[in-house]
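# Fold and contact review
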Amino acid sequence: MTPLLDIRNLEVVFDTKDGLVRAVNGISYSMEQGETLGIVGESGCGKSVSCMAMVRLIPEPPGKIVGGSVLFDGVDLVKMKRDELHTIRGGKIAIIFQDPMASLNPVMTIGDQIAEAIVVNLGLSRHQAMERTVELLTRVGIPRAQDRIRDYPHQFSGGMRQRVMIAMAISCQPKLLIADEPTTALDVTIQAQIVDLVQSLQKEMQMAVIWITHDLGVIARLAQRVNVMYAGFIIETGPVEHIFRQPHHPYTVGLLGSIPKSDDEGGQMLSYIDGAPPDMIRLPAGCPFQPRCQFATERCLQERPDLTVVEDAHQAACWNTQAVRDHHAAKDRGRA
Ligand SMILES: Nc1ncnc2c1ncn2[C@@H]1O[C@H](COP(=O)(O)OP(=O)(O)OP(=O)(O)O)[C@@H](O)[C@H]1O
Ligand SMILES: [Mg+2]
């Protein structure tokens, strides 16, 4: 079966006055219909740009896709002409962002905005589109949807606005939903509700979801697979339970270690990765993580490791996965 999405060697740069920012450096992955993929990594590692480039939403210039392909339903979006892209965006692929206000039109009622998208993308009449809008708003948990379609975005709370965005996103029955940190600005209870909502909609609609987040807890709950990104590379990928149980890349080990955990005394333990991510204009030679890595050897300074299989679908890009494993086995023995 051909995958829903098949990204091969995608490379994105930004031509800035300081130099060429290498934001995405040849990433490849594919997704099946209905699957959920998490993307994690520190700020600036290319999570958003890689997804925005895929639907050709990066500003060009300064941005440019300089290599690779993005096959969606068998069509290469990288080669698609600008005037054909609207059939993909808002139609087969929908996106929700952290800040719904940035995507909503402040001077148009919520009802008009959603209905308009439905008229354009599904070709329903205005009356039918408005009925569908009320159904959708009810489905995403907006109380008194029939009345609220006449309200403007500022009349909704942050959490409700995000629900409106989700209604808009699913209005055209997308095959893929990209959620770029949609819950970061919301409080924890509302966050959990939004995650639940997307999960139930996903089951109903059989859509694939890419969930970008800093919150590894969300990934653990929601995703089957996770891509860990570092400096524009995917440095580890695989089934969520594998990677959480036994991360093989030192960066992932650090990332998982940096989740606040409650210890037995009820306090907080926090470990973190020393140092800062590299300058994306001057990436280090060899492994991009090498300057911060406690396992780095001479080889890491010279040669960049590709993703290689550690177990089944689990892959890591590191020359020293054996040393990482031994280190953790020793630590576990120490704890026992
Ligand atoms: N318009 C732009 N011009 C120049 N550089 C850009 C532009 N947009 C993004 N970048 C650079 O591309 C790189 C990847 O950015 P991206 O927004 O994908 O990071 P991210 O992983 O989504 O981070 P965050 O977690 O903060 O959202 C960063 O180094 C960023 O500075
Ligand atoms: Mg981002």
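Bear in mind the structure is a predicted one, so any value in this text is a computation, not a measurement.

With that out of the way, let us pick up the sheet that holds strand β2 (residues 19-31). Pairing between the strands of a sheet comes from backbone hydrogen bonds, and it takes one of two forms, parallel or antiparallel. Here four strands make up an open sheet; going across it, the order is β2-β1-β4-β5 and the pairing antiparallel. The strands lining the two open edges of the sheet, one partner per strand, are β2 and β5 (75-76). In the sheet, strand β1 (residues 5-16) pairs with strand β4 (residues 63-72) via eight bridges, with the strands oriented antiparallel. If you follow I7 over to β4, its bridge partner there is V70. Across the face of the sheet, helix α1 (residues 47-54) comes into contact with β1, β2 and β4 while running at roughly 110° to β1.

In this section: the domain arrangement of the protein chain. Here the domain parsing of the protein chain yields domain 1 (5-223) and domain 2 (247-335). Relative to domain 2, the C-alpha centre of domain 1 lies at a distance of 30 Å. Taken together, the contacts link eleven residues of domain 1 with seven residues of domain 2. The biggest single contributor to the side of domain 1 that touches domain 2 is β2, with five residues. Taken together, the residues that form the side of domain 1 that touches domain 2 break down as six nonpolar, two polar and three charged.

All right, on to the nonpolar core then. Of all hydrophobic cores here, the largest spans 91 residues; its most connected members are A167, A169, A179, I210, V228, Y230 and I235. Structurally, this core is a two-domain feature, drawing no fewer than three residues from each of domain 1 (5-223) and domain 2 (247-335). In this view, A167 contacts I114, L136, L137 and V140; residues no more than four positions away in its chain are not counted.

This part is about the site of ligand 1. Residues in contact with ligand 1 amount to 16 residues; listed here are only the nearest, F14, A23, S43, S48 and V49. When residues of the shell around ligand 1 are traced back to their parent elements, those giving at least two are β1, β2 and α1. Counting residues per element, the shell around ligand 1 draws most heavily on α1, which supplies three residues. A per-class count over the shell around ligand 1 returns eight nonpolar, seven polar and one charged.

Quick look at the pairing of strand β8 (residues 208-212) now. Counting buried positions along β8 yields five of five residues, so the element is predominantly enclosed. Neither face of β8 is open: one carries A208, I210 and I212, the other V209 and W211, and all of them are buried. Across five bridges, the pairing between strand β7 (residues 176-180) and β8 is parallel. Residue pairing for β8: L177 is matched across the bridge by V209. For the crossover that starts at β7, traverses helix α7 (residues 188-205) and ends in the parallel β8, the hand is right-handed.

Among all residues except glycine, the phi angle is most often negative; among peptide bonds, the trans geometry is most common. E60 connects to P61 through a cis peptide bond whose omega is -15°. Tracing the backbone through its elements, the reader meets P61 in the loop between α1 and β4. Geometrically, the link from P61 to P62 is a cis peptide bond, its omega value of 10° lying close to zero. Considering the arrangement of structural elements, one finds P62 in the loop between α1 and β4. Its identity as a non-glycine residue notwithstanding, Q173 has a phi of 50°, on the positive side. Among the structural elements, Q173 can be located in the loop between α6 (158-170) and β7. Positive phi outside glycine occurs at E181, with the angle close to 45°. In this structure, E181 sits in the loop between β7 and α7.

Calculation notes
- Residues numbered from 1 in each chain as written.
- Chains lettered and ligands numbered in written order.
- Predicted model: local features only at pLDDT ≥ 70, side-chain atom pairs only at ≥ 80, totals over all residues.
- Pairing = 2+ DSSP bridges.
- Helix = DSSP H or I, 4+ residues; strand = E, 2+ residues; numbered from the N terminus.
- Contact = placed C-beta atoms within 7 Å.
- Axes fitted to C-alpha atoms, helices over the stretch in contact; angles between N-to-C directions.
- Domains from an automatic or database assignment.
- Nonpolar A, V, L, I, M, F, W, Y, C, P; charged D, E, K, R; others polar.
- Core = buried A, V, L, I, M, F, W, Y, C linked by C-beta atoms within 7 Å.
- Buried ≥ 20, exposed ≤ 12 C-beta atoms within 10 Å, placed from the backbone.
- Near = placed C-beta within 6 Å.
- Right-handed = clockwise from strand over helix to strand, strands pointing away.

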